[in-house]
Amino acid sequence: MSVFVLPIRLTNALVLTFWAGALAWLVLAGGSPVVAADRLTLRAPSREYPTIQSAIDASLPGGRVVIPLGEFVESLDVRGKVVDLVGEGADGARSTVLVAPDARRAVITYGPGGGGILRDVLLQGGAVGIRGETGSDPRSDRTIRPAPITVNDVRIRGSVHGVFGKFSGLTLRKTEVHGTAWNGITILEVEDLRALKVFVHDTGNVGLLLKNFTPGLFPFEVLKSTFSNNAGGGIAVIGHGRPVVISDSDVSANAVAGVYLLDAGFTHILKTHLAATKIGQSPQVSGVGDGLIVWSSPNVFIEKSNIVGNARAGLLVQGCSPEHVSFVLIGKSTSTANRFGIVVQTSPQLGQASFPCTGTDTGASFSGPPEQFFGNADADILMSGNLKTPDQPLETP
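My aim in this report is to walk through the structure given alongside it, one point at a time. Fair warning: this is a prediction, and the values are worked out from it, not measured in the lab.

The 12 strands lie next to each other as β4-β7-β10-β15-β18-β21-β24-β27-β32-β35-β38-β41, forming an open sheet whose pairing is parallel. Strands at the two margins of the open sheet, each flanked by one partner only, are β4 (76-78) and β41 (379-385). Direction aside, neighbouring strands of the sheet carry axes that sit 10° apart on average. In this sheet, strand β35 (residues 313-318) lies alongside strand β32 (residues 290-295) in parallel orientation, the contact comprising 4 bridges. Within β35, the position partnered with W295 by the bridge is Q318.

Structure, rendered in structure tokens:
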């Protein structure tokens, strides 16, 4: 049997004719090309959806809930589907403000499979501004994380934690966290993290605490961000699951430490300002005052960065044992106007309760032109240092 194929030339006229016919069929069938799109966008509070949560529950997967200007007291929960939550502003007198009903609940919780875009809202009060929760699949015991979440043009203030929990993918863009009782951002588990133009300031402990235990090749990125006036430090990274890049950022006027790396893997600090770290004075965390602490982290590269005016050491390098060494490569950077430019710790007695040291060789070293360390009050380079280091930052008070 022979098969004959009739050649058809796809001209613009033919394509337009096809789409015109498709739209005509849709209208004749009682549909409308606008209705399908409108069903993906719900407005709440409204007559049809008196609460924002009722609109989230009614939303189709991939839908959007638009929240008007005003203040709304609700604890929202998104799980099992991706839903965008879009306000009409997060700054100034006219804002979309979401307030937690009480101090025990989160403003927004993303549960297993829940995710989407959160945009143009101010989150206020409660235990957490944005919480990420995991669950388990009863059929396979597999852990289910929230779907990817993008937070854009959002402000979080007055919560215990700004962002807290476990996530699959989390992108924070143009997000401000301030006035939290504890950490600004606490990431317990994440597969993909990107913070761009984030501003975390005046928190009760660490600006960003990242538990980096999820293995992978692609780096976590902190870009063009500012961490300042945080009572327990600017950024703390614990664990070596993935590389970490901190670039074009300002980590200034924090207490205890600007950046604290504990058992971290490859870390690249590029074009970043580590300055004016203060001695901690809060009941929870006190002392120290270093721009950068590298503890048992063997692959740290500091490039084109300034470490200036810190109360104690610009850079503190502490190994813990031959198995837990620290090595820092410093290029085209300066450490000046600190008490010490760089301190290399050699005493194994400086271990922490949560990370005890063993042996007689702590394995701490650095490489870089010595002229990068100048103008420091007590010493530009101090080998065999014996300075106290802070213990591991806590995720909860």
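What follows covers the packing of aromatic side chains. Per the stated rule, a full pass over the model turns up 1 aromatic pair. Taken together, a centroid distance of 5.7 Å and an interplanar angle of 80° make the contact between F366 and F373 edge-to-face. Accessibility expressed as a relative area gives 5% for F373, which makes it buried.

Before going further, it helps to spend a moment on the pattern of salt bridges. All told, the structure shown has 15 salt bridges when counted by the stated rule. Note that D91 is salt-bridged to R155, the shortest N-O span being 3.4 Å. Of this pair, D91 sits in the loop between β5 (83-86) and β6 (96-99) while R155 sits in strand β14 (residues 155-157), and the two are 64 residues apart along the sequence. One salt bridge in this structure joins D378 and R339, with 2.9 Å as the shortest N-O distance.

Within the secondary structure, L193 is located in strand β19 (residues 192-196). Distance in space between the C-alpha atoms of L193 and L210 is 9.8 Å, their sequence separation being 17 residues. Each residue touching L193, except ones within four places of it in the same chain, is listed here: L170, L210, P219, F220 and E221.

Definitions and cut-offs
Residues numbered from 1 in each chain as written. Predicted model: local features only at pLDDT ≥ 70, side-chain atom pairs only at ≥ 80, totals over all residues. Heavy atoms only, no water. Pairing = 2+ DSSP bridges. Helix = DSSP H or I, 4+ residues; strand = E, 2+ residues; numbered from the N terminus. Axes fitted to C-alpha atoms, helices over the stretch in contact; angles between N-to-C directions. Phe/Tyr/Trp six-rings, centres within 6.5 Å; stacked < 30°, edge-to-face > 60°. Buried < 20%, exposed > 50% of the residue type's maximum accessible area, 1.4 Å probe, protein only. Salt bridge = Lys/Arg side-chain N within 4 Å of Asp/Glu carboxyl O. Contact = heavy atoms within 4.5 Å.

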